[in-house]
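The primary structure of each chain is shown beneath.
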Amino acid sequence: MALIHYFPSPHNFKVSLRRLTNRGPPAPWVTLAGRMIVGTVFIAAGLAKIGNPIWPAEAAQAYQIPPANLAALWGDGQPTLEIMLGVLLVAGLTTRLAAVLTSLLLIVFIGAIASAWARGLSLDCGCFGGGGQVALGATHYPLDILRDFGMLVLTVRVGLWPPDPWAVDHRLGLTPLLPGTPHWKRRSHRDARDPVAGRRAT
């Protein structure tokens with residue numbers, strides 16, 4: 001019964017999330033850096049595979065999860081999807097939608113790698129081309145999962161807050177994907193130190 005105290009209740013989770021959003025968005029460069037890093041990695045991964053769609057298909061089949069026909073379909077679409085998401089993130093166009101889709105894709109990647117690791121398969125993840133069976137001891141599952149988890153943290157960060165001032169979304173004045181979330185505000189240093197003074201000034 002004591003273990004229950006280590007897991008937050010749904011009410012406490014909602015309170016924590018509300019406190020996080022009430023703090024206001026982080027510095028704009030944090031969102032900029034996040035979408036640039038993930039976007040660049042996804043563009044590089046897509047370009048590495050787009051010349052040979054057989055690689056992602058064979059890599060998907062090696063995981064022994066999807067049927068062969070779905071693996072072949074994935075091999076045709078994965079490079080284009082990765083490049084498209086990467087370009088949207090780098091440009092900051094439909095930033096939040098791109099961040100949400102990228103997060104879902106990263107969750108799938110992490111789940112597939114963890115599944116192969118748990119089943120004792122020796123695979124190259126095929127993240128940047130190649131893929132398939134490798135020799136025992138030649139896998140890099142921990143590093144692959146850590147890399148994808150790090151990018152997942154960045155995409156969640158990008159999707160949680162409005163686009164940074166350098167994003168195309170911001171320049172076009174596009175509405176945020178998630179209603180009710182905080183927007184970027186230009187505040188003086190005095191407003192940041194003294195919210196009461198800031199309200200009086202407005």
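Source: prediction; values computed, not measured. (Residues numbered from 1 in each chain as written. Predicted model: local features only at pLDDT ≥ 70, side-chain atom pairs only at ≥ 80, totals over all residues. Heavy atoms only, no water.)

Okay, the environment of L154 next. As for its position among the elements, L154 is in helix 6 (residues 141–160). On the basis of relative accessibility, which here comes to 27%, the residue L154 falls in the partly exposed class. Residues L154 and G34, 120 residues apart in the sequence, show an inter-C-alpha distance of 5.1 Å. (Helix = DSSP H or I, 4+ residues; strand = E, 2+ residues; numbered from the N terminus. Buried < 20%, exposed > 50% of the residue type's maximum accessible area, 1.4 Å probe, protein only.)

Let us now look at the packing of aromatic side chains. Under the definition given, this model contains one aromatic pair. A centroid spacing of 6.0 Å and a plane angle of 35° characterise the contact between W117 and Y141, whose relative ring orientation is tilted. On the criterion of sequence distance, the pair formed by W117 in helix 5 (residues 95–118) and Y141 in helix 6 is long-range, its members being 24 residues apart. The exposure class of W117 is partly exposed, given its relative accessible area of 44%. The exposure class of Y141 is buried, given its relative accessible area of 4%. (Phe/Tyr/Trp six-rings, centres within 6.5 Å; stacked < 30°, edge-to-face > 60°.)

Before going further, it helps to examine the state of the cysteines. Tallied over the entire structure, the rule returns one disulfide. Shown here is the disulfide that connects C125 with C127, its sulfur atoms set 2.3 Å apart. Among the residues examined, C125 registers a relative accessible area of 13% and is labelled buried. Judged by relative accessible area, C127 falls into the buried class, the value being 16%. (Disulfide = S-S within 2.5 Å.)

Moving on to the packing of helix 4 (residues 68–91) against helix 5. The geometry of a pair of packed helices is captured by two quantities: the angle between their axes and the separation between those axes. One can describe the packing of helix 4 onto helix 5 by two numbers: an axis separation of 9 Å at closest approach and a directional angle of 140°. One element, helix 4, and the other, helix 5, form an angle in the oblique class. Between helix 4 and helix 5 lies a crossing whose hand is left-handed. Residues W74, Q78, L81, E82, L85, L88 and L89 of helix 4 lie in contact with helix 5, whose contacting residues are T95, A98, A99, L101, T102, L105 and F109. Taken together, the residues that form the contact of helix 4 with helix 5 break down as ten nonpolar, three polar and one charged. (Axes fitted to C-alpha atoms, helices over the stretch in contact; angles between N-to-C directions. Parallel < 35°, antiparallel > 145°, perpendicular 65-115°, else oblique. Left-handed = near helix turned anticlockwise from the far one by under 90°. Contact = heavy atoms within 4.5 Å. Nonpolar A, V, L, I, M, F, W, Y, C, P; charged D, E, K, R; others polar.)

Ranked by internal contacts, the top residues of the largest apolar core, which has 24 residues, are F42, Y63, L106, I113, A116, L123 and Y141. Of all the elements in the fold, those that place two or more residues in this core are helix 2 (28–50), helix 4, helix 5 and helix 6. Ranked by the residues each element gives to this core, the list is headed by helix 5, at nine residues. When residues no more than four places from it in sequence are discounted, the contact partners of F42 are E82, I83, G86, T102, L105, L106, F109 and M151. (Core = buried A, V, L, I, M, F, W, Y, C linked by side-chain atoms within 4.5 Å.)

Before going further, it helps to spend a moment on helix 6. Along its 20 residues, helix 6 runs 28 Å from first to last C-alpha, staying within 8% of the 28 Å computed at 1.5 Å per residue. Three or more residues of helix 6 are buried, namely Y141, D144, I145, D148, M151, L152, T155, V158 and G159. All buried residues of helix 6 lie within an arc of 140° about the axis, which places them on one face of the element. Turned more than 90 degrees away from the buried face of helix 6, the exposed residues are L143 and L146. Here the buried face of helix 6 lies against helix 2, helix 5 and strand 1 (123–124). (Expected span 1.5 Å × (residues − 1). Arc of directions from axis to C-beta.)

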